[in-house]
Amino acid sequence: MRRNARRRPTGARRATFASVALIMGGGGLVAANFYASAHESNDSGQNRTKSAATQIATIKCPDIGQQLADVPDKARAGVDRELANLDKQVNEAYARLTSTRKAQAGDTSFVQNAILGPLKDKRTAVIDRIRVDIERLGGTFDDSLKELANCTAVAADQVQADAGQNNGDQQPGGEQGQNDNGGQPNIGGQVGNGPVADDFVDITTVQPNVQPAPRANGSASTGTFSVSCGVNENNNFNTDNLIVAPGVNNGARHTHDYVGNQDVNAFSKDQDLANAATTCSEKGDKSAYYWPVLRLQDGTKEFDDNKLGGGAEGNAGRILKARTAEITYVGSPTSKVVAMPKFLRIITGDAKAFSNGTANANAHWSCTGFEDKVQLTDKYPLCPQGSGVVRSFAFQSCWDGRNIDSANHRSHVAFADAEGNCQNGFKAIPQLTMRLVYDVPTPTIENGQVKNPFAVDGFQTELHKAITDHDDFINVMDGNLMNKVVDCINSGRQCGTGAAEQPQDEPTATVDAGAGSGNGKGGMNQDTSGNMNPPQATPSTRAAEPAREGSTRDHSAAPEVDKASSPAGEVDKAPLSAEQKASTPLSAEQKDKAPSSTEHQDKDKAPSSAEQKDKAPSSTEHQDKDKAPSSAEQKDKAPSSTEHQDTAPSSTDQGEEPTEAFRNGSDDSQVTGAADPEASSVASPAGGGAPSTEPQTETQTVAGDLAETGTTLWPAMIGGALMLAGAMLLLAKRRRRSV
């Protein structure tokens, strides 16, 4: 039997093999780790950029209220409360969106699964309750509305691209960099929900876009009637929405200025309005005129900073008081006007136009000295030194002859057509026009960031876009005064308080804004169709600001606002020409160009949220399955079915200072992720400004810090340790052999 001649390795050889194995293994780990890191560093940068670009900035939901056409009178109170409840649910979803950024960063499906999915379920339950309420009282419900329960998420880069959509030349803007809330999309503004630099435009760079008003015919009513109601010296604010969300505290979710009637809140009845005090110099005018406040986002903590409708819902900054608030009624270019019915309600503009698109938008922004040349719709103007910011409104001028309100708060009134004619049997009524002038420090834009911006109050999901501006009116003139208004307008006279003493704005800087400047004194005229029209040698019809009567609402807690009084200048009032009769009240200085904009008919009824005590359970037969029951909602007193309670989570529904929110027409475009492209900042500008669509990278995590190095290079460190151990073992073995 042969002996196995194979020699077993000695201890020295084993040590050598082990050393070589350690060195080779360690080297392999190091090489593999560095190879992988070289490729991942590139990808990770791209992924982080992509992540930052796709962060969700806001939520867009279709406006159900705008689509309702057949709501029985007895069902309206309950339906309005349910519509307000839909707003509350969206508001709560947005709050969850902004408070779960870390979870969203770690799970790409978080927003859909944890926010949009549950929101759809809650909205579906509310829509079904609305259906039951309507059908129970004999109305008809369009089942296709159930499809509007779905909401969409809007990425931060889409918000920037939408903001940059402008058909006129403008000063370049960019992403905001003022807020860095640990991953919060950089939407800018004092509390992180806008506006951004791209929401502003230097008005001197915008091409003239105001179109001429329709010519008046022989039947035209060319007179004007001015009313002086002050600029809310009484600091009368609230966040209710009497027109759209009666009976719902904080139905508007933003704050409004009130002039005229001083007893307007969510629970006011027509008789309350008729018995209220008024700030108007015409004592027979107890009409309610109200609009969302304008704020300067300079870090100021207002009286409502922690309240619902105020800072707690994204409306922060110093409330600005208008220098002048001109209220003028004008006639029709094609016919005589008839009296408005008492308690007629009209909303112009769309508080949710960023989500809904331009169908009902009727915002007009300009600067004193430019109103007859440039009107902006979805941009705030950067005015030259000495020029004030101007907000203009022209309400619908055609009435159906029967109703003082409608199910969607829109269809009972309408704008005239391009020639100034009322269609579908509607009758021409005195057209209400308003012009608000503010002394606002011009924001500065540096490195794509806007400092100390100003913005209109609104729903926080609308990101304070300029296009969401809107105005509200309830006619509470007594019969004698209304007849006086009609007679004055139809006879071609200029009447009303202050008609002979029109105040002028402060002198403005002379700026060449291009062609179409008229005679230098004219103002922007508005026809009854809502189109913006250039001035036509018009007389000033600005009402002087009267001393205010004692208000029933002198809020001691109200913020101290700028009370710059308007200069008292007297302007000769030349009679209006037939063409101008359809135009907005002219301002002495700028020719009062308040635009009206026919294209966007006012359907602004975005249901305001019934978040606070949303009391109206809408249908008795089916119980709300919204997952988070809201105690406040369940207290809803509305007689619309107390048996089924709204379970949509109502977070902290407390009736803070009320305000008014509008219903916005909801159409298919609302469901898209980006705002309607038609919402161009300039009504009809020339030239094109390229929107900024670059992904936002400011919010992404910076690569290369110590923690990241430790987590990505540990294999290399282990490999190095193995190589070192192998080398030391080999060296020790050689030393032993040499001894």
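Small disclaimer: the values here were computed from a predicted structure and weren't measured.

S.K.: Quick rundown of the overall build of the protein? Include the residues and the values.
M.R.: Of the regular secondary structure elements, the protein holds eleven helices and 25 strands. Burial analysis of the protein (739 residues in total) assigns 60% to the buried set. Residue pairs at least 24 apart in sequence account for 82% of intrachain contacts in the protein once pairs closer than 6 positions are excluded. Accessible surface, the protein as shown: approximately 27,500 Å² in total, 50% of it carbon and sulfur.

S.K.: Run through helix H2 (residues 73-99), naming residues and quoting values.
M.R.: The α-helix advances 3.6 residues per turn, and as a result positions three or four apart in sequence lie on the same side. Taking 1.5 Å per residue as the helical rise, H2 with its 27 residues ought to reach 39 Å, and the 40 Å between its terminal C-alpha atoms agrees with that figure. Burial analysis of H2 places 19 of its 27 residues in the buried class, which makes it a mostly covered element.

S.K.: An account of the sheet that holds strand E15 (residues 398-399) is needed here, citing residue identities and associated values.
M.R.: Pairing in this open sheet of three strands is antiparallel, and the strands run E16-E15-E17 from one edge to the other. The open sheet terminates on both sides in strands that have one partner only, identified here as strand E16 (413-414) and strand E17 (427-428). Bridge count between E15 and E16: two bridges; the pairing is antiparallel. Bridge pairing in E16 links Cys398 to Ala414.

S.K.: Would you mind going over the state of the cysteines in detail, with residue names and values included?
M.R.: Counted according to the given criterion, the structure contains five disulfides. Between the sulfur atoms of Cys398 and its disulfide partner Cys422 the distance amounts to 2.0 Å. Classification of the bridge connecting Cys398 and Cys422 rests on its S-S torsion, roughly -85°, and on that basis the disulfide is left-handed. Here Cys422 lies in the loop between E16 and E17 and Cys398 lies in strand E15, a separation of 24 residues in the sequence. On the basis of relative accessibility, which here comes to 23%, the residue Cys422 falls in the partly exposed class. Each bonded cysteine in the protein gets a number by its place in the sequence, and the pairs come out as 1-2, 3-4, 5-6, 7-8, 9-10.

S.K.: Which residues make up the environment of Lys427, and what values go with them?
M.R.: Considering the arrangement of structural elements, one finds Lys427 in strand E17. If near-sequence neighbours (up to four positions away) are discounted, Lys427 is found in contact with Val338, Ser397, Cys398, Trp399 and Cys422.

S.K.: Give me the lowdown on the confidence of the model for the protein, citing residues and values where you can.
M.R.: Detail in the predicted coordinates should be disregarded across regions flagged by low pLDDT. In the predicted model, the protein carries a mean pLDDT of 73, and 61% of its residues have values of at least 70. Note that pLDDT drops below 50 for residues 163-182; the model gives that stretch 95 contacts with residues more than four away or on any other chain. Scored below 50 in pLDDT, residues 501-711 makes 856 contacts in the model with residues more than four places away or belonging to other chains.

S.K.: How would you explain the packing of aromatic side chains if you had to name every residue and give the values?
M.R.: The tally for this structure, following the rule as stated, stands at nine aromatic pairs. Between Phe200 and Phe454, the ring centres sit 5.4 Å apart and the planes meet at 85°, which makes this aromatic pair edge-to-face. One end of the pair, Phe200, is in strand E3 (residues 200-202); the other, Phe454, is in strand E21 (residues 454-456), with 254 residues separating them in the sequence. Owing to a relative accessible area of 0%, Phe200 belongs among the buried residues under this scheme. Taken together, the ring pairs connect Phe200, Trp365, Tyr380 and Phe454 into an aromatic cluster. In this structure, Lys60 is placed above the aromatic ring of Phe354, and the distance from its NZ or CZ to the ring centre is 4.4 Å. For the cation-ring pair, Lys352 lies above Phe459, with the distance from its terminal atom to the ring centre recorded as 4.9 Å.

S.K.: Account for the sheet that holds strand E8 (residues 294-296), with residues named and values stated.
M.R.: Backbone hydrogen bonds are what pair the strands of a sheet, in a parallel or an antiparallel way. Pairing is antiparallel across the open sheet formed by three strands, whose spatial order is E9-E8-E21. Of all strands in the sheet, those with a lone pairing partner are strand E9 (318-320) and E21, marking the two edges. Sheet twist, expressed as the mean angle between neighbouring strand axes with direction ignored, is 35°. Here E8 runs beside E9; their pairing, made up of three bridges, is antiparallel. Paired with Arg295 across the two strands is Ile319, which belongs to E9.

S.K.: Quick rundown of unusual backbone geometry? Include the residues and the values.
M.R.: Cis geometry is found at the peptide bond from Gly194 to Pro195, where omega equals 5°. You can see Pro195 is positioned in the loop between helix H5 (156-163) and E3. Unlike most non-glycine residues, Asn447 shows phi in positive territory, near 50°. Mapped onto the elements of the fold, Asn447 is located in the loop between strand E19 (444-446) and strand E20 (449-451).

S.K.: How would you sum up the pattern of salt bridges? Please name residues and give values.
M.R.: Per the counting criterion, the structure on display carries 20 salt bridges. Here Glu446 makes a salt bridge to Lys451, at a shortest N to O gap of 3.0 Å. Take Glu446: its relative accessible area is 40%, and that puts it in the partly exposed class. For Lys451, a relative accessible area of 41% corresponds to the partly exposed category.

S.K.: Help me get a handle on empty space enclosed by the protein, residues and values and all.
M.R.: Over the atoms, a rolling probe the size of a water molecule traces out where space has been left empty. Inspection of the entire model under this criterion finds three cavities of 30 Å³ or more. Considered as a void within the structure, the largest cavity measures approximately 210 Å³ in volume. What lines the largest cavity is a set of 21 residues, among which Asp87, Val90, Lys352, Phe459 and Thr461 lie closest to the centre. In the lining of the largest cavity, the residues fall into eight nonpolar, five polar and eight charged.

Reading the values: rules and limits
Residues numbered from 1 in each chain as written. Predicted model: local features only at pLDDT ≥ 70, side-chain atom pairs only at ≥ 80, totals over all residues. Heavy atoms only, no water. Helix = DSSP H or I, 4+ residues; strand = E, 2+ residues; numbered from the N terminus. Buried < 20%, exposed > 50% of the residue type's maximum accessible area, 1.4 Å probe, protein only. Contact = heavy atoms within 4.5 Å. Areas by Shrake-Rupley, 256 points an atom, 1.4 Å probe, with all protein chains shown as cover. Expected span 1.5 Å × (residues − 1). Pairing = 2+ DSSP bridges. Disulfide = S-S within 2.5 Å. pLDDT = per-residue confidence, 0-100. Phe/Tyr/Trp six-rings, centres within 6.5 Å; stacked < 30°, edge-to-face > 60°. Lys NZ or Arg CZ within 6 Å of the ring centre and 35° of its normal. Axes fitted to C-alpha atoms, helices over the stretch in contact; angles between N-to-C directions. Salt bridge = Lys/Arg side-chain N within 4 Å of Asp/Glu carboxyl O. 1 Å grid on protein atoms, 1.4 Å probe; cavity = no way out; pocket = protein on both sides within 12 Å on 5 of 7 lines; lining within 4 Å. Points joined across faces, edges and corners; volume = space filled by probe spheres on them. Nonpolar A, V, L, I, M, F, W, Y, C, P; charged D, E, K, R; others polar.

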